[in-house]
Amino acid sequence: MLSMNLLPPSPVTVFKKNPLHASLLDSKIGSRTHLFRIQDNPLGSLAKPLFQISKSSSNFGLISKNPFGFSCKSEPRVVKAASDTPSESSPDGEVIKVEKTNQKLKLALVFGFWYFQNIVFNIYNKKVLNVFPFPWLLASFQLFCGSVFMLILWGTKIQSCPKISKSFIVALLGPALFHTIGHISACVSFSKVAVSFTHVIKSAEPVFTVLFSAILGDTYPLPVWLSILPIVFGCSLAAVTEVSFNLGGLWGAMISNVGFVLRNIYSKRSLQDFKEVDGLNLYGWITILSMCYLFPVAIFVEGSQWVGGYHKAIEAVGTPSTLYLWVMLSGLFYHLYNQSSYQALDDISPLTFSVGNTMKRVVVIIATVLVFRNPVRPLNALGSAIAIFGTFLYSQATSKKAPEVEGKSE
């Protein structure tokens, strides 16, 4: 918002209706008093004066830096209207209200798309695994979809492709490996237990973040350590009361937490020299490398069972096109919800993102329980609620630590 260095001596009249344009200033900018004329139409009719402001002849503007003498930074001085019109009804007030409304609408859209895409992925991912229980192949296909999607974005110039060097690829090898471990472990968990149970266990990710970061030398205040206690207790209560409990599913979710935490920690340490690469491009290259890691291992682990499993899946579903549609939706929305999360992190603060991510798990758990009609015991629901609440407390506690972390990094 434009502002001027203003002192009381002489008046300058400003007129209502249209915003003040610097191009309409009087050519005699060095004179004592000027009349700013705002044109409402091509004939240049004048609007009715609304209020007056004053200026100093010596400090009206730095012409050498800005030809119109305006500063792009708002000044602490307040210009008071001479008329009875309240300041809230001024054009500036209206612009601020519109901007706040637009920000709220944008935030709602970002979270709306993020939640919707996550729900669709979890539903169709589980649908496929129910009839085709081969998570290694499905996880590989989902990474393949993400790789193709990013190549299309880069090829069509919708997303600018980063400059790739050997050092960049080498720096990505570690994060991509841990991303692969996190993704395939989650898929294995989804194939063995209810989606809701996997998400409850995955809400314990902050516990591993604090533990591994502490081992590597980071320090956390007492509120952060206290916030992980309800997470541990809630996950434990949910696990012992889970109807679909399976040890493989539990370990899959836990290993997934470890994988994603190590990916985040390793990324911060190995990618310090590549800050010019934005989040979406970084995720795109991690996806491509993860696919290269995972697919050969998938062939070794379960490749011999794919043909027989495919025929059984077709018999269970009824038509091949239905199975293909489910697989395509799981792959497409896996990439889209991750892309939305990166875009959301660019548009909002880390604290808002953390709270939104916590609520995302609540929405996904409720949606999948309703869709798949999973039985939920009261103690299981209580444990899930405690664990989710613990992640919320963790996000609040770490937000207070954030300035200290930033200060140390500088």
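These numbers were taken from a predicted model, which means no experiment stands behind them.

Parameters at a glance
- Residues numbered from 1 in each chain as written.
- Predicted model: local features only at pLDDT ≥ 70, side-chain atom pairs only at ≥ 80, totals over all residues.
- Heavy atoms only, no water.
- Helix = DSSP H or I, 4+ residues; strand = E, 2+ residues; numbered from the N terminus.
- Contact = heavy atoms within 4.5 Å.
- Axes fitted to C-alpha atoms, helices over the stretch in contact; angles between N-to-C directions.
- Parallel < 35°, antiparallel > 145°, perpendicular 65-115°, else oblique.
- Left-handed = near helix turned anticlockwise from the far one by under 90°.
- Nonpolar A, V, L, I, M, F, W, Y, C, P; charged D, E, K, R; others polar.
- Expected span 1.5 Å × (residues − 1).
- Buried < 20%, exposed > 50% of the residue type's maximum accessible area, 1.4 Å probe, protein only.
- Phe/Tyr/Trp six-rings, centres within 6.5 Å; stacked < 30°, edge-to-face > 60°.
- UniProt positions renumbered as here; feature names shortened; annotations may be inferred.
- Patch = residues over 30% accessible without salt bridge, like charges linked within 9 Å, V, L, I, M, F, W, Y side chains within 5 Å.
- Areas by Shrake-Rupley, 256 points an atom, 1.4 Å probe, with all protein chains shown as cover.
- Salt bridge = Lys/Arg side-chain N within 4 Å of Asp/Glu carboxyl O.
- Arc of directions from axis to C-beta.

**A few points about the environment of I184**
Its place among the elements puts I184 in helix α3 (residues 166–192). On a C-alpha basis, the gap between I184 and L137 in space is 9.5 Å, while along the polypeptide they are 47 residues apart. Apart from residues no more than four positions distant in its own chain, I184 is found in contact with P135, W136, A139 and L294.

**Here we look at the packing of α3 against helix α7 (residues 247–270)**
For the pair α3 and α7, interaxial distance at closest approach is 7 Å and the crossing angle is 160°. Here α7 runs roughly antiparallel to α3, going by the angle between their axes. Where α3 crosses over α7, the two elements pack in a sense that is left-handed. Per-class residue counts for the contact of α3 with α7 are ten nonpolar, 13 polar and two charged.

**Quick word on helix α2 (residues 135–155)**
Its 21 residues give α2 an end-to-end C-alpha distance of 30 Å, which sits within 8% of 30 Å, the value for a rise of 1.5 Å per residue. All buried positions along α2 are accounted for by P135, L138, A139, S140, Q142, L143, C145, G146, S147, M150, L153 and W154. Note on α2: the residue one or two positions beyond its end, K157, has a positive phi of about 65°.

**A word on the side chain of S341**
Along the chain, S341 falls in helix α10 (residues 320–347). Residue class for S341 comes out buried when judged on its relative accessible area of 12%. Not counting residues up to four positions away in its chain, the partners in contact with S341 are W114 and F353.

**A short note on unusual backbone geometry**
A positive phi angle, close to 65°, is found at K157, a residue other than glycine. Within the fold, K157 resides in the loop between α2 and α3. Residue K157 is classed as exposed on the basis of its relative accessible area, which comes to 68%.

**What about the packing of aromatic side chains?**
Here the distance between the centres and the angle between the planes together describe a pair of aromatic rings. Enumeration over the complete set of coordinates arrives at 15 aromatic pairs. With centroids separated by 6.3 Å and ring planes inclined at 35°, the aromatic side chains of F141 and F144 adopt a geometry described as tilted. With F141 and F144 both in helix α2 and three residues apart, this pair spans about one turn of that helix. Judged by relative accessible area, F141 falls into the partly exposed class, the value being 24%. By relative accessible area, F144 is classed as partly exposed at 41%. A network of ring pairs unites the aromatic residues F111, W114 and Y115 as a single cluster.

**Examining the environment of V297**
Mapped onto the secondary structure, V297 falls in helix α8 (residues 279–302). According to the relative accessible area criterion, V297 is partly exposed, its value standing at 36%. Between the alpha carbons of V297 and W136 there is a distance of 8.2 Å; along the sequence they are 161 residues apart.

**Things to note about the UniProt feature "transmembrane region" (unreviewed entry) in the chain**
UniProt tags residues 107–124, 136–156, 168–191, 247–266, 282–301 and 313–336 as "transmembrane region" (unreviewed entry). Overall, residues 168–191 shows 100% helix and 0% strand. The separation of its end C-alpha atoms is 34 Å. Summarising residues 313–336: 92% helix, 0% strand, and an end-to-end C-alpha distance of 26 Å.

**What about a nonpolar patch on the surface?**
Side chains of L177, I181, F245, L247, W251 and I255 sit close together on the surface and give an oily, nonpolar patch of about 550 Å² of accessible area. Breaking the nonpolar patch down by element, the ones donating at least two residues are α3 and α7. In terms of residues, the nonpolar patch owes the most to one element, α7, which gives three residues. Along the chain, L247 turns up in helix α7. On the basis of relative accessibility, which here comes to 51%, the residue L247 falls in the exposed class.

**Notes on the environment of W114**
Summarising the element assignment, W114 is placed in helix α1 (residues 91–131). Separated by 246 residues in sequence, W114 and K360 have C-alpha atoms that sit 8.3 Å apart.

**Some details on helix α9 (residues 306–317)**
The terminal C-alpha atoms of α9, which comprises twelve residues, lie 16 Å apart, in line with the 16 Å expected from a rise of 1.5 Å per residue. Here α9 has its buried residues at W306, G309, A313 and I314. The arc enclosing the buried residues of α9, seen along the axis, measures out at 140°, which places them on a common side. The exposed set on the far side of α9, more than 90 degrees from its buried face, consists of V307, K312 and E315. Within two residues after α9, G318 carries a phi angle of roughly 115°, on the positive side.

**Focus: the side chain of N118**
Tracing the chain through its elements places N118 in helix α1. Among residues more than four places away in sequence, those in contact with N118 are Y337, K360 and V364.

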